[in-house]
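Tertiary structure, described
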Amino acid sequence: MRNYSIPAIGILLMASSTAPLTSMPQDSGGVGTIDRLDPAFDQLLPKDAKIEKVAGGFTFTEGPLWRPDGTLWFSDVVGNMIRSVTPAGKVTVLIPNSGGVSTARPGSYIGSNGLAADKDGAVLACQHQNRAIARISKDLKMTPYIEKFEGQRLNSPNDLVYRSDGALFFTDPPFGLSRGDTDPAKELKFNAVFAYINGKLTPIVKDLDRPNGIGFSPDQKTMYVSNAGQKRYWMKYDVAKDGTVSNAKMLFDVSTEKNTGLPDGLKVDSKGNLWGTGPGGVWVFSPEGKHLGTIKPPEGPANCAWGDDGKTLYMTAVTGVYRIKTAVAGEKPLYK
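Residues numbered from 1 in each chain as written. Predicted model: local features only at pLDDT ≥ 70, side-chain atom pairs only at ≥ 80, totals over all residues. Heavy atoms only, no water.

**Notes on the overall build of the protein**
Scanning the protein from N- to C-terminus turns up 0 helices and 28 strands. For a compact globule of 336 residues, the expected C-alpha radius of gyration is about 20 Å, and the protein comes in at 18 Å, within 12% of that figure. Principal-axis analysis of the C-alpha atoms places the extent of the protein at approximately 55 × 45 × 40 Å. Buried residues in the protein amount to 56% of all 336 residues. Intrachain contacts of the protein at a sequence separation of at least 6 include 50% that bridge at least 24 residues. Only carbon and sulfur atoms are counted for the fraction: they give 51% of the accessible area of the protein, which is about 13,800 Å². (Helix = DSSP H or I, 4+ residues; strand = E, 2+ residues; numbered from the N terminus. Rg over C-alpha atoms; globule rule 2.2 N^0.38 Å. Buried < 20%, exposed > 50% of the residue type's maximum accessible area, 1.4 Å probe, protein only. Contact = heavy atoms within 4.5 Å. Areas by Shrake-Rupley, 256 points an atom, 1.4 Å probe, with all protein chains shown as cover.)

**Quick notes on the pattern of salt bridges**
Side-chain pairs of opposite charge can arise whenever the charged atoms involved come near each other. Counted by the stated rule, this structure contains 11 salt bridges. Residue Asp 118 is joined to Arg 135 by a salt bridge in which the shortest nitrogen-to-oxygen separation is 2.5 Å. Here the residue Asp 118 occupies a position in the loop between strand 8 (112-117) and strand 9 (123-127), and Arg 135 occupies one in strand 10 (residues 132-136), the gap between them amounting to 17 residues. Owing to a relative accessible area of 2%, Asp 118 belongs among the buried residues under this scheme. With its nearest N and O atoms 3.9 Å apart, the salt bridge here joins Lys 241 to Asp 165. A residue pair is termed long-range when its members are at least 10 positions apart, and Lys 241 in the loop between strand 20 (232-239) and strand 21 (245-253) and Asp 165 in the loop between strand 14 (160-162) and strand 15 (168-172) qualify at 76 residues. (Salt bridge = Lys/Arg side-chain N within 4 Å of Asp/Glu carboxyl O.)

**As for the environment of Tyr 233**
Take Tyr 233: it is sitting in strand 20. The spacing of Tyr 233 and Phe 194 is 39 residues in sequence and 19 Å in space, taken between C-alpha atoms. Residues in contact with Tyr 233, not counting those within four places in the same chain, are Leu 208, Val 225, Ser 226, Asn 227, Met 250, Phe 252, Asp 253, Val 254 and Pro 263.

**Here we look at unusual backbone geometry**
Excluding glycine, a negative phi dihedral is what most residues carry, and trans is how most peptide bonds are arranged. In this structure, Asn 80 is a non-glycine residue whose phi angle is positive, near 60°. Locating Asn 80 in the fold gives a position in the loop between strand 5 (72-76) and strand 6 (81-85).

**A few points about the pairing of strand 23 (residues 274-278)**
One face of the sheet, then the other: side chains in a regular strand alternate in exactly this way. Within strand 23, 5 of the 5 residues are buried, which leaves it mostly tucked inside the rest of the structure. Every second residue of strand 23 is oriented toward a common face, with Leu 274, Gly 276 and Gly 278 on one face and Trp 275 and Thr 277 on the other, all of them buried. Taken together, the 3 bridges between strand 22 (residues 266-268) and strand 23 define a ladder with antiparallel strand orientation. If you follow Val 268 over to strand 23, its bridge partner there is Leu 274. As consecutive antiparallel partners, strand 22 and strand 23 are separated by 5 residues, and within that stretch Gly 272 has a phi angle of approximately 95°, a positive value. Pairing of strand 23 with strand 24 (residues 281-285), which is carried by 5 bridges, proceeds in the antiparallel orientation. Considered in strand 24, the bridge of Gly 278 is made with Gly 281. The antiparallel pairing of strand 23 with strand 24 creates a hairpin that spans 2 residues between the two strands, and Gly 280 there sits at a positive phi of about 85°. (Pairing = 2+ DSSP bridges.)

**Details of the sheet that holds strand 19 (residues 222-228)**
The strand order 18-19-20-21 describes an open sheet built from 4 strands, whose pairing is antiparallel. Edge positions in the open sheet fall to strand 18 (211-216) and strand 21, since each of these has one partner strand only. Neighbour-to-neighbour, the strand axes of the sheet open up by a mean angle of 25°, direction not taken into account. Examined bridge by bridge, strand 20 and strand 21 share 6 bridges and lie antiparallel to one another. (Axes fitted to C-alpha atoms, helices over the stretch in contact; angles between N-to-C directions.)

Below, the structure written as structure tokens:
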């Protein structure tokens, strides 16, 4: 586990020595394990579901995004590129220097991170090196989209999501800065969740030390945010049309969890359940915060996204990309 005084994006490297309560080895052809903690989990993940490895050999995968051409885009935060992979496992490099041109030491978190579909077939990418959100056009050209708040550079945008009305929300921890909060290049005094509405950028949450994954409930009234800091947990907020939040509640706390890893990227399914990467795997919660089960590929995942027919969960997990068939569809994003 990395020391929190330097960047820690949520690499999940070690398994707990304590055996899980209901760990289920996969049938032939599958990898990893599945913990089924509540009968309701069987309605979300078929009993015969298998974790499959799609591709591997990467450095640190993040930001999975299903594209209309039937491929999955994903970021390599350390390798500083965006790749695509087909369901059959064919990998293509789409964008080198996806986080910006860098001379940082090897192993630095300089690349792109979270990806989100934008209008007109474009894609938005959180950039660590450039400390900005960039827009990728259909011809794969990157242009700056959001770079500063009140004249000050952002820290290093991490993940982002569109609300159904076109408002953009994103997290901005300091993971892309080599010394984190103490880095002399850091200009903002806080690490925030931002709302970008009608051209105005507003920090709506400023009391999380490491805001990370972000998503909305199907009715768009609840925002979920993972915190990957000294304390590890998922939060939920009521969100007004203007982006202001209220009624902040901790959904689930894993600060004492023995598995290493941090609450990281998350997605919400069409029934309102939260699928959040965390210690050891993808943790699945009911909207009320009940832990229903955990999907554990061989490597700890840092993010996830639905693809294929909308009922396949893809997981980016350190050096590999994995998937599993689900019984529930993912919540559909605003743009394709």
